[in-house]
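Okay, here's what each chain looks like letter by letter:
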Amino acid sequence: MTQSKPTNCVLLVLNGQSQGKRLEWDGVASLTLGREPTADLVIDDDHVSSQHLALAMSELPTVKELGSRNGTTLLRGDNVLQVTEAGLTLEDGDRLLVGDQRSPVVVVFYASPESEQRAEEARVVASAHIGELKELERRVGEDHSTLRLLYAGLKQLSRRLEFVDIVATGVELIFQICPSATHVTLMVENELMAGDLSSRFVPVLSMGRDGVAETPRTPSRWLRKKILEEGSALLASDATTTLDGSKSLRLAAIDSMIAAPLWVGDRITGILQIEKRNAASVGISNRPFGQKDLERALVVASHLAISIEHSRLYGKLRANAERLKGENRFLKQKDAESTLGMIGSSPSMAQVFALIEKVKDVTIPVCIEGETGTGKELVARAIHYRSSRREELFVAQNCAAMPEDLLESELFGHTRGSFTGADTDKKGLFEIAHGGTIFLDEIGETTPAMQVKLLRVLQEGEIRPVGSVKTKKIDVRVISATNRNLEEEVAAGRFREDLYYRLNVFPLRLPPLRDRKADINALIEHFMHRYALEFGRAPLTFDDEAMDMMVSYHWPGNIRELQNEVQRVIICGSEGGQIGAKDLSNRIRKIDQLLDNAKDTGGTLKDRLAQVERYLLIETLREYGNNKTKAAVALGITREGLHKKLARCGIQ
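### Points about unusual backbone geometry
- Positive phi outside glycine occurs at Trp 555, with the angle close to 50 degrees.
- Here Trp 555 is to be found in the loop between α18 (544-552) and α19 (558-572).
- With relative accessibility at 0%, the residue Trp 555 sits in the buried group.
- Here Asn 558, not a glycine, exhibits a phi torsion of approximately 60 degrees, which is positive.
- Structurally, Asn 558 is set in helix α19.

Spelled out as structure tokens, the structure:
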């Protein structure tokens, strides 16, 4: 029979590390085949030479050796031919056994794409459409032993949420219900490559019955196309009717293959490939795949697809929940004027604002010191919102608010099963704040063990979730705050010196409200408008006497105490629209009591001043729970000076 000159040949690699590679050749230029990256058809297996074969087209396509180490055999029906440097003519359907002849790479030659398709069609010996699923489930259920295996396997599958667990459970079930199966490959949809057939499905697992992972052998392009177009599971075989009983079947080590679609609704989401390779090599029975194996595979594929889809949606929901949790925290911490949100024109606050401007875009740790209620978190947010990181998250954690083990999980995250109740992986605040800022309030309250972990984050820029052996790199700006004197804590051995120097690169001291009385009027006005709007009330004003009392008060709770007082007077204030002295809380109206006591005393100026001093000492001690150190600070005197005054006034 006369062979016509082919015009568009196809070379297809059937096995090995380059399995599935396909090259169309127009015959105009010669081409090479080998391991060398510059070869036209690159085969990655080690036993293939760098430049192994050359193909050329004269009147007919020819193949010749290029002096390879392991040689090449050509199979044509029952004939076995040795490829030499003199060359051989190629015919449609020829198979080249390239490299080590004990386990060669099989490359098939087709004279045209149509010939390739006809050969693929000839390999398909059975099919089952996804529309037949109900009937297939009924037929599979008639075999009680198979039904028991399916029930147990699908029950386990329904309990899995993580993708890795779902795949492992599905593969185990396949091996149970398909006794002849030796290898399973799972491919899932690559959403970024939906329009490219060659890249649309990517292998995520290829495993033998012995549990050993290996290089995937994916279905041919034609089989993938047929699965997509028809929505059918296919049983393909290298049957003797196709290969004329040649020994290529043994050399390729593939007996038959099932390729079943994974689908959700009308969308094909993946391909499940089940292979029966040379059974003698793995000790499996020689029974070939049949119609029952095909039907069982399609039933499992239907459930596996749904489980994988649930896992995908669960992953998205979990990621969105983490993101929304962070954004919610971000929004709650951000007031209407979040870019700064700070009020003050006093010299001390002007200095704070200047320091914020200097440090905002320098990603070094900042340590904010100040009494409780001075606005340390507000300053931290001001630094973040004015910096180049303002589009990313700002997250805050009070280190004194939870015990060490919970704080570690909150900051660094944890893996599933790391402790009782850890049912899923959880991101920590450091990971959530990646690219942004984390604010660690009350840093001086952390335990020595936690201080070591924080030191690692600052030194290495990485975290290790609880229960994990892997570290994660993070890019987070760290701002800490404390109402303690950390230098004294270091000297007392309660705070690590190395961590102190890591945190205190840029110290920023906030003044107490009593040292910035010039700002009290503006702060009152700000809080009045903010909370009157929030409470649905009309803004109130302070009369002169009430405002004088507010300014004269020493505000031990600082801005937070002032904020609380304004909230209280909005709720309890006079309906006339003006707040008088009688509307203020008792602690602020103590000056009235002080003056009344002075009037009742009588006597000389010295006697009256002594009585006022005695009253102030007693009230200050009562306010601070007899804590002499805090009382001395509030009065602006030393502890020793306070002891002398108490002794002089006869106060025990």
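### As for the sheet that holds strand β6 (residues 61-65)
- The strand order across the open sheet built from five strands is β4-β3-β5-β6-β9, with neighbouring strands paired in mixed fashion. A single partner strand is all that each edge strand has here, and the edge strands are β4 (41-42) and β9 (88-89).
- As paired strands, β6 and β9 are joined by two bridges and run antiparallel to one another. When the bridges of β9 are listed, Val 63 appears paired with Leu 88.

### What about the packing of helix α3 (residues 144-158) against helix α4 (residues 163-177)?
- For the pair α3 and α4, the least separation of the axes is 9 Å and the interaxial angle reads 175 degrees. On the basis of their axis angle, the class for α3 and α4 is roughly antiparallel. Between α3, through Leu 149, Leu 150, Gly 153, Leu 154, Gln 156 and Leu 157, and α4, the contact on the second element is made entirely by Ile 166, Thr 169, Gly 170, Leu 173, Gln 176 and Ile 177.

### Digging into the packing of aromatic side chains
- By the definition in use, this model includes seven aromatic pairs.
- When the centroid spacing of 5.6 Å and the interplanar angle of 15 degrees are considered together, the rings of Phe 412 and Phe 430 count as stacked. Here Phe 412, found in helix α12 (residues 404-412), pairs with Phe 430, found in helix α13 (residues 429-432); they are 18 residues apart in sequence, far enough to count as distant. Each member of the pair Phe 412 and Phe 430 is classed as buried.
- Residues Tyr 553 and Trp 555 carry aromatic rings whose centres are separated by 4.7 Å and whose planes lie at 85 degrees to one another, so their mutual orientation is edge-to-face. Note on accessibility: Tyr 553 and Trp 555 belong to one class, buried.
- By the ring-pair criterion, three or more aromatic residues cluster together here, those being Tyr 385, Phe 394 and Phe 439.

### Looking at α12
- Taken residue by residue, α12 has Leu 407, Glu 408, Ser 409, Glu 410, Leu 411 and Phe 412 as its buried positions.
- Backbone geometry just downstream of α12 places Gly 413 in the positive-phi region, at approximately 85 degrees.

### Looking at the sheet that holds strand β11 (residues 105-110)
- Here we have six strands laid out as an open sheet, ordered β2-β1-β11-β10-β7-β8, and antiparallel in their pairing. The open sheet terminates on both sides in strands that have one partner only, identified here as β2 (22-25) and β8 (79-82). Averaged over all pairs of adjacent strands, the angle between their axes in this sheet comes to 20 degrees, without regard to strand direction.
- In this sheet, strand β10 (residues 95-98) lies alongside strand β7 (residues 72-76) in antiparallel orientation, the contact comprising four bridges. For Leu 74, the partnering residue across the bridge sits in β10 and is Leu 96.
- The sheet strands contacting helix α1 (residues 113-123) are β1 (9-13), β2 and β11, and the helix crosses β1 at an angle near 45 degrees.

Rules behind the numbers
- Residues numbered from 1 in each chain as written.
- Predicted model: local features only at pLDDT ≥ 70, side-chain atom pairs only at ≥ 80, totals over all residues.
- Heavy atoms only, no water.
- Helix = DSSP H or I, 4+ residues; strand = E, 2+ residues; numbered from the N terminus.
- Buried < 20%, exposed > 50% of the residue type's maximum accessible area, 1.4 Å probe, protein only.
- Pairing = 2+ DSSP bridges.
- Axes fitted to C-alpha atoms, helices over the stretch in contact; angles between N-to-C directions.
- Parallel < 35°, antiparallel > 145°, perpendicular 65-115°, else oblique.
- Contact = heavy atoms within 4.5 Å.
- Phe/Tyr/Trp six-rings, centres within 6.5 Å; stacked < 30°, edge-to-face > 60°.

Nothing here speaks to function; it is geometry throughout.
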